[in-house]
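Structural characterization, general
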Amino acid sequence: MTPPPPPRRSAVPRSASAVPADLVARVRRGDRAAVARALTVVTEERPGHEALSRAFFADSGRAHTVGLCGSPGSGKSSLINRLVAAARAEGRTVAVLAVDPTSAFTGGAFLGDRLRIQEHALDAGVFMRSLATRGMMGGLNATIFAAIHVLEAAGYGRIIVETVGTGQDEVDVAEVVDTVVCVSAPYQGDEFQAMKAGTMEIGDVFAVNKADLPEVERAVAMLKDALSLAPRRDGGWAPRVAPVSALSGLGVPGLCADVEAHRAHLEASGELAGRRRRQLRRELALVIARRLTRDAMDRVTDRHIDMLAGKTSDPVTLGGRLTSGRA
Amino acid sequence: MVTPHRILIAKPGLDGHDRGAKVIVRALRDAGFEVIYTGIRQTPEMIAATALQEDVAAVGLSLLSGAHLTLFPRVVDLMKKEGLGSVLVFGGGIIPDEDVAALKKKGVAGVFGPGTPTDDIVAFLRARLDAAPAPTPKRRAAKR
């Protein structure tokens, strides 16, 4: 088996060196430089990432994780800015993981969510990290769980995850976080749009943003209507619809109350355990998928594609060989 | 895993002309970098704090208001204080040729004025960031 190509690294000595022995301890003390470094190691799978992921898994489950999904332009980032302010006003520490799409053509990404919450850049109780999807579907990054656990270890009691925002395609976030907030805005479609599957099935709270616009009441009514036609959720949570304005702050306390109420419901109903089990299953699946990709997919060469193009072999045969360590 | 380099593009001070910064953001993304852009009106403190949290490989400062000799070195110094002294800092905007030497002395590794082809900036970043794994002490001495 040919060795993989050497990873492209920055020339910065600190990033190519082994993980410092005290990094875990420093993260647990809340050292922000250590948190940033640990996030890099796990999200880029740098040497030492497996040991770090193992260590921080011990802290998993400590935070209330909230995911925000919704189509681009609905105002997720601006709303997060308000949610961060609200959490800080209550004296909570909060972390944000904001995911933006990697270009399939160039491999690069414009990570622009941070722009909306920069007013919190100097607040020691807020940590924000931008991530690119790097090829993963579902609006998230494959190392999202590892990143969440680093932040949990550092003591952030609330972690907000912002997905890419394709709208209907983001069912994955439901398997990553405790509470899903689906963000929409008026003028984004009629009542049939609201009935479509996807985010309708995973939202615990629906935030209709831009409530300063005249159409918001109609948008809220359509959502409530569509939700009333849906089957009852496990544990009896009735999804809430909250009109908000990230611009003016209108409705934000109500949205925060709804998010808190969902968390309280999860604990009171016992549903939290089931939700966490689904998260663990998803986390394990992602780790397994990464290993398969590294061990099998990355060994695919032009020779294999030649065999398929010339029909001297087939995908099922080659796939079987590669995943069992042969070919 | 071959991962793209993360670059922060920031506009320090009160200068609101962001077209140049947006052009750079776009060019770097198209060249395969992951680019974080924090918008206008950033203080040097905010830029250093962002560079820390995002653990970027390089910071690009865009300024058209003439305050570069004050603000760029301030960003460099704050980053050093945060332990980010090895992060590459480069700059662009309206910067007279006679100021470039002073900026470089203060730790700004590259200065790219108006009209610089974006390919030059991409090439500069690739040359500095796509190095082989960390140099051994012997090689580091030879480079100097």
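So, here is what we can say about the structure in this document. (Residues numbered from 1 in each chain as written. Chains lettered and ligands numbered in written order. Predicted model: local features only at pLDDT ≥ 70, side-chain atom pairs only at ≥ 80, totals over all residues. Heavy atoms only, no water.)

**Points about the overall build of chain B**
We apply this condition: A run of H or I in DSSP counts as a helix once it spans at least four residues, and a run of E counts as a strand once it spans at least two, with each numbered from the N terminus. The rule is simple: take the accessible area with a 1.4 Å probe, protein chains only, and divide by the maximum for that residue type; under 20% is buried, over 50% is exposed, in between is partly exposed. Contacts are assigned to residue pairs with any non-hydrogen atoms lying within 4.5 Å of each other.
Scanning chain B for helices and strands turns up six helices and five strands. N-terminal to C-terminal, the α/β element order of chain B is β-α-β-α-β-α-β-α-β-α-α. Out of the 144 residues belonging to chain B, those deemed buried represent 53%. Considering only residue pairs separated by 6 or more positions, chain B has 69% of its internal contacts joining residues 24 or more positions apart.

**A closer look at the interface of chain B and chain A**
The condition that has to hold: Throughout, buried area stands for the accessible area (probe radius 1.4 Å) lost by two parts on being put together, summed over both. In what follows, salt bridge is the name for a side-chain nitrogen of Lys or Arg lying within 4 Å of a carboxyl oxygen of Asp or Glu. Contacts described as polar in this section are N or O atom pairs within 3.5 Å, which, within protein, must combine one atom able to donate a hydrogen with one able to accept it, while residues neighboring in sequence count only if both atoms come from side chains. As a working rule, the residues Ala, Val, Leu, Ile, Met, Phe, Trp, Tyr, Cys and Pro are called nonpolar, Asp, Glu, Lys and Arg charged, and the rest polar, with Gly in that last group. Any two strands with at least two DSSP-identified bridges between them are counted as paired.
In this complex, chain B contributes 39 residues to the contact, which on the side of chain A involves 38 residues. Where chain B abuts chain A, roughly 3,500 Å² becomes buried across the two surfaces, and 54% of that area is made up of carbon and sulfur atoms. R114 of chain A is the salt-bridge partner of E54 of chain B, the closest N and O atoms lying 2.7 Å from each other. For the interface between chain B and chain A, the tally reads 17 residue pairs in polar contact (both at pLDDT 80 or more). Per-element tally for the side of chain B that touches chain A: the top contributor is helix α2 (residues 44-54) of chain B, with seven residues. A breakdown of the residues in the side of chain B that touches chain A according to their chemical character gives 19 nonpolar, 10 polar and 10 charged. Sheet analysis places strand β3 (residues 109-111) of chain A next to strand β2 (residues 34-37) of chain B, joined by three bridges and oriented parallel. By the bridge assignment, F110 of chain A is partnered in β2 of chain B with V35 of chain B.

**Quick notes on the sheet that holds strand β1 (residues 6-10) of chain B**
Strand pairing in a sheet relies on backbone hydrogen bonds. The paired strands run either parallel or antiparallel. Just so we agree on the cut-off: Note on method: axes are straight lines fitted to C-alpha atoms, helices fitted across the in-contact stretch only, with angles between N-to-C directions ranging 0 to 180 degrees.
On the basis of which strands lie adjacent, the open sheet formed by six strands has the order β3(A)-β2(B)-β1(B)-β3(B)-β4(B)-β5(B) and parallel pairing. Each edge of the sheet is formed by a strand with only one pairing partner; in this case those strands are β3 of chain A together with β5 (110-112) of chain B. Across the sheet, the axes of successive neighbouring strands diverge by a mean angle of 20°, strand direction being ignored. With four bridges connecting them, β1 of chain B and strand β3 (residues 58-63) of chain B associate as parallel partners. Bridge assignment links A10 of chain B to a residue of β3 of chain B, and that residue is L61 of chain B. α2 of chain B rests against β1, β2 and β3 of chain B of the sheet, and its axis sits at about 165° to β1 of chain B. Across the sheet, helix α5 (residues 118-129) of chain B touches β1, β3, β4 (88-93) and β5 of chain B, and the angle it forms with β4 of chain B is around 170°.

**Re unusual backbone geometry**
What you tend to see is this: most non-glycine residues have negative phi, and most peptide bonds are trans. Even without glycine at this site, E45 of chain A takes up a positive phi of about 55°. Structurally, E45 of chain A is set in the loop between α3 (32-43) and α4 (49-57). Positive phi, close to 60°, is recorded for R41 of chain B, a residue that is not glycine. Here R41 of chain B is to be found in the loop between β2 and α2.

**Quick notes on helix α9 (residues 216-228) of chain A**
All names here are of chain A. Just so we agree on the cut-off: A helix is expected to span 1.5 Å multiplied by its residue count minus one. The arc in question is the one spanned by the directions pointing from the helix axis to the C-beta atoms.
Between its terminal C-alpha atoms α9 stretches 18 Å, which fits the 18 Å expected from 13 residues at 1.5 Å a residue. Three or more residues of α9 are buried, namely V216, A219, V220, M222, L223, A226 and L227. Burial along α9 is one-sided: seen end-on, the buried residues are contained in an arc of 160°. Residues of α9 that are exposed and point over 90 degrees away from its buried face: E217 and S228.

**A short note on the pattern of salt bridges**
Overall, the coordinates contain 29 salt bridges over all chains when judged by the stated rule. Here R282 of chain A ties to D172 of chain A by a salt bridge, and the two come within 3.0 Å at their closest N and O atoms. Residue R282 of chain A is found in helix α11 (residues 271-295), and its partner D172 of chain A is found in the loop between β5 (158-162) and β6 (179-184); the two are separated by 110 residues along the sequence. Among the salt bridges present, the one from R263 of chain A reaches E267 of chain A, with a minimum N-O distance of 2.7 Å. Of this pair, R263 of chain A and E267 of chain A both sit in helix α10 (residues 252-269), four residues apart, roughly one helical turn. For E267 of chain A, a relative accessible area of 46% translates into the label partly exposed. Among the ionic contacts, a cluster of salt bridges with common partners joins E44, R46, R114 and R134 of chain A together with R6, E34 and E54 of chain B.

Function-wise, these values are silent; they only describe arrangement.
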